[in-house]
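# What the coordinates show
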Amino acid sequence: MVAGSADVMGGGGMIDGELGQGAWMDFDGARAARAALVAALDVVVAAPSERFQRIVRIARELFNVPFSYVNVLDDTLLHTLTQNVPNEPTSGPIEWSFCQLTIEQAEPTIVPDTLLDPRTAELPGVSHRGIRFYAGVPLTMPGGIRIGSLCLIDTEPREFTLQDEAALMDLGRWAEVVLAHGLQQDRLLEVVAALTPQPLDAAGYRITGLSVPYGDLSGDVYDWTADETGITVSLADIMGKEQPAALLAAGLRAALRQHDRLEPVDAVAAMEPRICEDLLRASAFGTLFHGRLDRANGRVEYVDAGHGLVLHLRASGGGGVLRSHDLPIGLRPPESGPRRGSSVVLEPGDALILTSDGALDLGDGTIDTLADLGETLRRASSIEAFLETVRLRAAERAEDDVTVVVLARADSPMNSA
């Protein structure tokens, strides 16, 4: 094999990319959040940057390897931001990449001899392209999301010491700083806005909401989906503000969407273990209300993970707060077993008002603020007018992200457009 030949090696970054059909083990929620961040970075379609080329040049010289790459991954493709030989392909399926192994863990992935490692021995990149050594370090952005790798490739097996690993990690941190400088705030805001659900009218029910971030981005996330039998609604509040919390919130939203037809207890049980891993790595936690409405009878089955900020506003008068008796996501020990489900019935004219804790700033800071919001909704000419009042109050008073969602059943003035 001739090291450095674009024809033999399958082209530049796809040395890392054309290694065969490895098992893609990434979690769908984390993958969606990663794709959103990669889009916001706006580096995939840009011309090769000297900032990245300098890093891989130093890596090749420092480790005496023929190839080094900076890669990022969206939801389906690996994109190489650097080239080692002319006319190398710059993207390819994630499933063909060594990088799929690298982003599965926070530590470097080292394969001293690809023929002797069961993860790689049968890959076409080893058997047909002569790759015998791989070392990669994940590139992690604020919020703990791993979006790519800095990697080394050689055509000969080689040892890799702890000192080598430390040096590779240092170069990886450098690449992370360069990537972070490429964040385009306007683009990131566009991506976040695209994840916001549109108001929904479905068989006698209306659901709509808003989020007012304290800064540019919110750690709150709300979402809903509908099918022929029900409506699934979620509101989560990741502790923290701005970009790190927003990225973690997007991952949680995407994870729940994968299970939106399951009963809430089952949906949370399916997504919680992996989301907890992300939160733990980021030293974060989040509260969550996740419910599913049966449109036939108005019953809402729900899980409340430390949230406790949902008001059941009754058309007959008054209202009650659905309090939480469970710990937030990321703080509950795994051995605690399944979460406990609860239920509430929306009679004609009833509504649920879901809020984040930032909404308490709209009143006196106590739980009585929810009752005040309920009365404001009763007096409003429409749900949209109510939400506009919330928006104005949040701009004036709030010192945290404010999110409010209204799920209303028909046959009430509250449900008028």
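This text follows the structure it describes.
Residues numbered from 1 in each chain as written. Predicted model: local features only at pLDDT ≥ 70, side-chain atom pairs only at ≥ 80, totals over all residues. Heavy atoms only, no water.

For the rest of this paragraph, the subject is the packing of helix H11 (residues 368-379) against helix H12 (residues 383-397). Here H11 crosses H12 at 135 degrees, and the two axes come no closer than 8 Å. On the basis of the axis angle, H11 is oblique to H12. Handedness of the crossing formed by H11 with H12: right-handed. Two secondary-structure elements touch here, H11 through Leu 373, Thr 376 and Leu 377 and H12 through Ile 383, Phe 386, Thr 389, Val 390 and Arg 393. Grouping the constituent residues of the contact of H11 with H12 by class yields 5 nonpolar, 2 polar and 1 charged. (Axes fitted to C-alpha atoms, helices over the stretch in contact; angles between N-to-C directions. Helix = DSSP H or I, 4+ residues; strand = E, 2+ residues; numbered from the N terminus. Parallel < 35°, antiparallel > 145°, perpendicular 65-115°, else oblique. Left-handed = near helix turned anticlockwise from the far one by under 90°. Contact = heavy atoms within 4.5 Å. Nonpolar A, V, L, I, M, F, W, Y, C, P; charged D, E, K, R; others polar.)

The next thing to look at is the side chain of Thr 102. The topology assignment puts Thr 102 in helix H5 (residues 99-102). Residue Thr 102 is classed as buried on the basis of its relative accessible area, which comes to 0%. Once residues lying within four places of it in the same chain are set aside, the contact partners of Thr 102 are Thr 109, Tyr 134, Gly 136, Val 137, Pro 138 and Ser 149. (Buried < 20%, exposed > 50% of the residue type's maximum accessible area, 1.4 Å probe, protein only.)

This part is about the nonpolar core. Within the largest apolar cluster, 32 residues are counted, with the highest numbers of intra-cluster contacts made by Ile 147, Leu 150, Leu 152, Phe 160, Leu 168 and Leu 179. Beyond its immediate stretch of four places on either side in the chain, Leu 150 contacts Ile 55, Val 56, Ser 68, Tyr 69, Val 70, Ala 135, Gly 136, Val 137, Leu 139, Leu 168, Leu 171 and Gly 172. With 23 residues, the next largest nonpolar core counts Ala 359, Leu 360, Val 402 and Ala 408 among its residues. (Core = buried A, V, L, I, M, F, W, Y, C linked by side-chain atoms within 4.5 Å.)

The subject of this paragraph is the sheet that holds strand S16 (residues 351-355). With antiparallel pairing, 6 strands are arranged side by side in an open sheet as S7-S8-S17-S16-S13-S14. Of all the strands in the sheet, just strand S7 (200-202) and strand S14 (319-322) have a single pairing partner and so form its edges. The sheet shows a mean angle of 15 degrees between the axes of neighbouring strands, taken without regard to direction. Sheet topology note: the strand S13 (residues 310-313)/S14 ladder contains 4 bridges and is antiparallel. Residue pairing in the sheet places Val 310 in a bridge with Leu 322 of S14. On top of the sheet, H11 reaches S13, S14, S16 and strand S17 (402-409); it is set at about 45 degrees to S13, its chief contact. The sheet strands contacting H12 are strand S8 (205-212) and S17, and the helix crosses S8 at an angle near 15 degrees. (Pairing = 2+ DSSP bridges.)

For the structure on display, the rule yields 19 salt bridges. A salt bridge links Glu 384 to Arg 206, with the shortest nitrogen-to-oxygen separation between them at 2.2 Å. Residue Glu 384 is found in helix H12, and its partner Arg 206 is found in strand S8; the two are separated by 178 residues along the sequence. Glu 272 is paired through a salt bridge with Arg 339; the nearest N and O atoms lie 2.8 Å apart. Within this pair, whereas Glu 272 is found in helix H10 (residues 264-281), its partner Arg 339 is found in the loop between S14 and strand S15 (342-345), the two being separated by 67 residues in sequence. For the pair Glu 272 and Arg 339, a shared accessibility class is recorded, and that class is buried. Taken together, the shared-partner salt bridges connect Asp 227, Glu 228, Arg 261 and Arg 292 into one network. (Salt bridge = Lys/Arg side-chain N within 4 Å of Asp/Glu carboxyl O.)

Turning next to the sheet that holds strand S3 (residues 91-93). Spatially, the 6 strands line up as an open sheet ordered S3-S2-S1-S6-S5-S4, and their pairing is antiparallel. Looking at the sheet topology across the chains shown, the edges are occupied by S3 and strand S4 (109-111). With strand direction ignored, the average angle separating the axes of adjacent strands in the sheet is 25 degrees. Direction of pairing for strand S2 (residues 77-80) relative to S3: antiparallel, over a ladder of 3 bridges. Bridging across to S3, Leu 77 finds its partner in Pro 93. Packed onto the sheet, helix H4 (residues 50-63) meets strand S1 (67-73) and strand S6 (145-154) and runs at close to 140 degrees relative to S1.

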